[in-house]
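Architecture at a glance
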Amino acid sequence: QVQLVESGGGLVQPGGSLRLSCVASGRFVGINAMGWYRQAPGQEREFVARHLIDGAPYYADFVKGRFAISRDNAKNTVYLQMNSLSPEDTAVYYCNADVDSGRHYYEAWGRGTQVTVSS
């Protein structure tokens, strides 16, 4: 199994920036992709960004160039740099990963980190 732990969330003013981190640990053969989703109160979880181990990053349209996802494969870590934040970005941000257990592939989720954008 793999465990995903997010960090870096918090309170930021509109226009500010945050960098989220997610570290994967546990027993697994490899992680083929890592990404971020978010969920605001009363809303469904939505896709934010994803990065394949050997591919280009992919972003949701609402990012509009404000966010950047990156990976440190040696550390099994994915980052989400968020700039020009607005109150609409307020949500719990969840890390996810496509995991190769050696027996099968599965999707793992972290518990989330709160991002609040408010003045």
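Here's a quick rundown of the structure. Per chain, the residues get numbers from 1 upward, laid out in the order the sequence is written. Given that this is a predicted model, residues contribute local features only at a pLDDT of at least 70 and side-chain atom pairs are listed and counted only at 80 or more, while totals for whole chains, interfaces and linings are drawn from all residues. By convention in this description, side-chain values take in all heavy atoms of the structure and omit both hydrogens and water.

Because side chains alternate across strand β7 (residues 67-72), one face comprises the buried residues F67, I69 and R71, and the other comprises A68, S70 and D72, none of which is buried. Strands were regarded as paired on the criterion that DSSP finds at least two bridges between them. Only DSSP runs of H or I reaching four residues or more are called helices, and only runs of E reaching two or more are called strands; each is numbered from the N terminus. Here β7 runs beside strand β8 (residues 77-82); their pairing, made up of six bridges, is antiparallel. Paired with F67 across the two strands is M82, which belongs to β8. Per-residue accessibility, obtained with a 1.4 Å probe over protein chains only, is compared with the maximum for each type, and a residue is labelled buried under 20%, exposed over 50%, and partly exposed between these values.

In this section: the sheet that holds strand β3 (residues 18-26). Pairing in this open sheet of four strands is antiparallel, and the strands run β1-β3-β8-β7 from one edge to the other. With partners counted over all chains shown, the strands left at the sheet margins are β1 (2-7) and β7, one partner each. In this sheet, neighbouring strand axes are inclined to one another by 15° on average, regardless of whether the strands run parallel or antiparallel. Strand direction decides the pairing type here: β1 and β3, joined by six bridges, are antiparallel. In the sheet register, L4 faces β3, and the bridge partner there is A24. An axis is simply a line fitted to the C-alpha atoms; with a helix, the fit covers only the stretch in contact. Between two such axes, the angle follows the N-to-C directions and lies from 0 to 180 degrees.

Right, let's get into the pattern of salt bridges. Pairing of side chains with opposite charge becomes possible as their charged atoms draw close. Any Lys or Arg side-chain nitrogen located within 4 Å of an Asp or Glu carboxyl oxygen qualifies as a salt bridge. A full pass over the atoms with the stated rule returns four salt bridges. Note that R50 and D98 form a salt bridge whose closest N and O atoms lie 2.3 Å from each other. In this pair, R50 sits in strand β5 (residues 46-52) while D98 sits in strand β9 (residues 91-100), placing the two residues 48 residues apart along the sequence. Assessed through its relative accessible area of 14%, R50 is described here as buried. Judged by relative accessible area, which is 25%, D98 ranks as partly exposed. Between D89 and R66 there is a salt bridge, with the nearest N and O atoms lying 2.7 Å from each other. Of the two residues, D89 is situated in the loop between β8 and β9 and R66 in the loop between β6 (57-59) and β7; the sequence distance between them amounts to 23 residues. Each member of the pair D89 and R66 is classed as buried.

Keep in mind these values describe shape, not function.
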